[in-house]
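Observations on the model geometry
Here is what each chain is made of, one letter per residue.
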Amino acid sequence: MGSNSSRIGDLPKNEYLAKLSGTESVSENDPFWNQLFSFSFPAPTSSTETKLLEEATITVCRSLVENNPRTGNLAALIKVFLSRTKELKLSAECQNHIFIWQTHNALFIICCLLKAFICEMTEEELQVHFTYEEKPPGSYSTDSEDLLEELICCLMELITDIPLLDITYEISVEAVSTMVVFLSCQLFHKEVLRHSISHKYLMQGRCLSYTSRLVKTLLYNFIRQEKPPPPGAHVLPQQSDGGGLLYGLASGVATGLWTVLTLGGVGSKQQTPDLASPLANQSLLLLLALANLTDAPDAPNPYRQAIMSFKNTQDSSPFPSSIPHAFQINFNSLYTALCEQQTSDQATLLLYTLLHQNSNIRTYMLARTDMENLVLPILEILYHVEERNSHHVYMALIILLILTEDDGFNRSIHEVILKNITWYSERVLTEISLGSLLILVVIRTIQYNMTRTRDKYLHTNCLAALANMSAQFRSLHQYAAQRIISLFSLLSKKHNKVLEQATQSLRGSLSSSDVPLPDYAQDLNVIEEVIRMMLEIINSCLTTSLHHNPNLVYALLYKRDLFEQFRTHPSFQDIMQNIDLVITFFSSRLLQAGAELSVERVLEIIKQGVVALPKDRLKKFPELKFKYVEEEQPEEFFIPYVWSLVYNSATGLYWNPQDIQLFTMDSD
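The rules behind each value
- Residues numbered from 1 in each chain as written.
- Predicted model: local features only at pLDDT ≥ 70, side-chain atom pairs only at ≥ 80, totals over all residues.
- Heavy atoms only, no water.
- Helix = DSSP H or I, 4+ residues; strand = E, 2+ residues; numbered from the N terminus.
- Contact = heavy atoms within 4.5 Å.
- Areas by Shrake-Rupley, 256 points an atom, 1.4 Å probe, with all protein chains shown as cover.
- Buried < 20%, exposed > 50% of the residue type's maximum accessible area, 1.4 Å probe, protein only.
- Lys, Arg positive; Asp, Glu negative; His and termini not counted.
- Salt bridge = Lys/Arg side-chain N within 4 Å of Asp/Glu carboxyl O.
- Axes fitted to C-alpha atoms, helices over the stretch in contact; angles between N-to-C directions.
- Parallel < 35°, antiparallel > 145°, perpendicular 65-115°, else oblique.
- Left-handed = near helix turned anticlockwise from the far one by under 90°.
- Nonpolar A, V, L, I, M, F, W, Y, C, P; charged D, E, K, R; others polar.
- pLDDT = per-residue confidence, 0-100.
- Core = buried A, V, L, I, M, F, W, Y, C linked by side-chain atoms within 4.5 Å.
- Polar contact = N/O pair within 3.5 Å; in protein donor to acceptor, adjacent residues only side chain to side chain.
- Phe/Tyr/Trp six-rings, centres within 6.5 Å; stacked < 30°, edge-to-face > 60°.
- Lys NZ or Arg CZ within 6 Å of the ring centre and 35° of its normal.
- Disulfide = S-S within 2.5 Å.

Per an unreviewed UniProt entry, the protein goes by the name Dymeclin and belongs to Echinops telfairi.

**Digging into the overall build of the protein**
On a plain count of helices and strands, the protein comes out with 28 helices and 4 strands. In the protein, 74% of the contacts between residues at least 6 apart in sequence involve partners at least 24 apart. Approximately 30400 Å² of the protein is accessible, and the part contributed by carbon and sulfur atoms is 50%.

**Describing the side chain of E174**
Its place among the elements puts E174 in helix α9 (residues 169–183). One buried charged side chain, E174, makes no salt bridge at all; its nearest oppositely charged neighbour is K115, positioned 10 Å away. Among all residues touching E174, those that are not within four sequence positions of it are H104, L107, F108 and C111.

**Re the pattern of salt bridges**
Using the criterion set out here, one finds 20 salt bridges in the structure. The closest approach of N and O atoms between R206 and E150, which form a salt bridge, is 3.2 Å. Separated by 56 residues along the polypeptide, R206 in the loop between α10 (197–203) and α11 (211–224) and E150 in helix α8 (residues 147–161) bring together distant segments of the chain. Salt bridges sharing partners connect three or more residues here, namely R194, E635 and E636.

**Section: the packing of helix α19 (residues 390–403) against helix α22 (residues 456–470)**
As a packed pair, α19 and α22 sit with axes 9 Å apart at the nearest point and diverge in direction by 25°. It follows that α19 is roughly parallel to α22 by the angle criterion. Of the two possible hands of crossing, α19 and α22 adopt the one that is left-handed. In contact with V393, Y394, L397, I398 and L401 of α19, α22 contributes Y457, L458, N461, C462, A464, A465 and N468. Its residues assigned to classes, the contact of α19 with α22 shows 10 nonpolar, 2 polar and no charged.

**Notes on the packing of α19 against helix α28 (residues 635–649)**
Two elements in contact, α19 and α28, have axes separated by 11 Å at closest approach and are oriented at 120°. If you check the angle between α19 and α28, you find them oblique. Handedness of the α19/α28 crossing: left-handed. Counting all contacts with α19, which are made through H391, H392 and M395, the residues of α28 involved are F637, F638 and Y641. In the contact of α19 with α28, the residues fall into 4 nonpolar, 2 polar and no charged.

**Considerations on the confidence of the model for the protein**
Within the protein, residue pLDDT values average 85, and 87% of them lie at 70 or more. Below a pLDDT of 50 lies the segment residues 1–6, which in the model reaches 22 contacts outside its immediate sequence neighbourhood of four places, other chains included. Between residues 137–143, whose pLDDT stays under 50, and residues either more than four places distant or in other chains, the model counts 2 contacts.

**Considering the nonpolar core**
Ranked by internal contacts, the top residues of the largest apolar core, which has 227 residues, are L437 and F563. Not counting residues within four places of it along the chain, the set of residues in contact with F563 comprises I485, F488, L535, I538, L556, M576, I579 and I583.

**Section: helix α15 (residues 331–340)**
Every buried residue belonging to α15 is among F331, L334, Y335, A337, L338 and C339, and all of these are buried. Buried residues belonging to α15 abut α11, β1 (311–312), β2 (328–329), α16 (345–357), α17 (359–367) and α18 (372–383). If you check the start of α15, you find a side-chain oxygen 2.9 Å away from the backbone N of N332, and it comes from N330.

**Thoughts on the packing of aromatic side chains**
A complete count under the given rule lists 21 aromatic pairs for this structure. Considering the side-chain rings of Y352 and Y628, the 5.9 Å spacing of their centres and the 80° angle between planes classify their relative orientation as edge-to-face. Placement of Y352 in helix α16 and of Y628 in the loop between α27 (599–612) and α28 is noted, with a sequence separation of 276 residues between them. Judged by its relative accessible area of 1%, Y352 is buried. Overall, the relative accessible area of 10% leaves Y628 in the buried class. Ring centres 5.1 Å apart and planes at 85° place the aromatic pair F585 and F586 in the edge-to-face group. Take F585: its relative accessible area is 15%, and that puts it in the buried class. Exposure remark for F586: the relative accessible area of 0% places this residue in the buried category. Members of the aromatic cluster, joined through ring pairs, are F310, F327, F331, Y335 and Y364. Positioned over the ring face of W655 is K115, at 5.2 Å from the centre of the ring. When the ring centre of Y201 is taken as reference, the NZ or CZ atom of K200 above it lies at 5.1 Å.

**Section: the environment of R70**
Looking at the element boundaries, R70 is found in helix α3 (residues 47–71). Residues R70 and T23, spaced 47 residues apart in sequence, show a C-alpha to C-alpha distance of 7.6 Å. Separated by 2.9 Å, the side chains of R70 and N67 make a polar contact.

**Some points on unusual backbone geometry**
One can expect most non-glycine residues to show negative phi and most peptide bonds to be in trans. Positive phi is not limited to glycine here, since H325 has a value of about 60°. Along the chain, H325 turns up in the loop between β1 and β2. Unlike most non-glycine residues, N420 shows phi in positive territory, near 50°. Tracing the chain through its elements places N420 in the loop between β3 (417–419) and β4 (431–433).

**Section: the state of the cysteines**
Summed over all chains, the structure comprises 0 disulfides. Residue C119 stays outside any disulfide, its sulfur separated by 9.4 Å from that of C61, the closest cysteine. Between C207, a free cysteine, and C153, which holds the nearest cysteine sulfur, the sulfur-to-sulfur gap is 3.2 Å. Accessibility expressed as a relative area gives 0% for C207, which makes it buried.

The following block contains the structure:
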């Protein structure tokens, strides 16, 4: 970059960067700025490319950090950018490629410098750099404009007001990325930030008025999934001699151009599926970061308020005056985007956030007649649990738990018939209800957890979802019924094993009082809690929908010996009464029918017997209902989670893992 530069290694010696970071102040009216902004190279679109760029410019950034308190060149740069943005909307309407190109470059430089400054200093020190004001000799004025607030408001206006066209796509992405960078100070603190300067700017003052428009725009960016324009679409066509019309015009504005810098080759980067829309990806990350800011001491997070209260565009009812930052959005488009994007952590986290916090969205989704479009991607996340991080699995599971709190959902999923679920590999499922598939996947998750992670929280939420559904089980697929009983069998074996270990340990302790005993009692309590929950789920189905589930009765009878040991167990006696009654009743009828009965004949006897079984003999138990309740101080979980997504997923942003304090990162 510079008249002779063509490699990243030349950047530290670039004359324009040297002047910007040097010891002399540059006036806002200096032609230098046009020269500085007139470079043309593809902005980094991956952390690898950004890392190369940052490593090459680290000396420049550090030099600016050292000299800026005296020169004020950072403030001058921002003022030049701010003055340009006032004409940006008109430039977009007039297709002024050169002006937009240079303004984008100015913002790109600001974003890079802001990130370097945030890595190097505290928020208080950063604020000092942004409040520099050159004073004439003898002036003692203490008034200085806060350029940081000016910049943030400008970025919000740029994101919300500039029309999204081919020529404005890159500057829109850069504006969102710069907002993400502004919030990234959280990465450099071990504790969750609760009273930071960045929070103050975003939650009060001039920025507050942009809240609903910003949240709405970020959601629509996610919904639309706009792909970047093809290479060269945002600039004027080049002439055949290679000089290029763009470069000819730009030369009239800037006396010296930065030559093309290739980061991995112009146009050589292949778009991966999750980065098919950098604008959608960055917008979603920014939205999640804003939604999970901690409340101010005197006011709640306005971005969370906006997310909690927005309504469907088809809803004509007025907003209550008590709801601030309200807006409307097309729920059908949002639902479609959420269904299509569930392969990413951030889309699943958005779905969780909306379901949990926005009752309008939850009501709308539960009323949809195509819930399989949403549920199937969630089930696929759980099915591939080995390939997902634990947070993604938790979010998917909690989404199911929230959905199963609704009886209408629990009924409707058994009415949706699916064909050929190709991703389910344990068994060919040519035809199965959505409800039965949900049961299969949740049980598989429990079994995976029992053998691998052994996470009680995961167990609890899986069982809670099954329990919520149990009274509405309808026409269970024979494989789903088998898996329910197989899970109980696995739990029974585990119970017997722990019980045997506890007995042997107790005998051994009689001969050696010096050896500490393992805590088998606690293990036994946990496994017995899970066993009781499974028995309650089976019992709930038998007492409320026995006539709808002959396959479950068949599976019970086939494995009836499993339940013998629990009939007299004090922890299970009450809940075993109904199960024992059903097993005894149908076993008797099968005995009367003779030996060597076919599967079809057994199912026929079960269906006939259901009618004859006196319902009043089944003991009534309280309905199983579990509601998801967010833990206290949820920000301790969600803020590190969101910033881990930013760290790993942000398009074209890179942070040195050795600098990260919020969570542990591998150095590679």
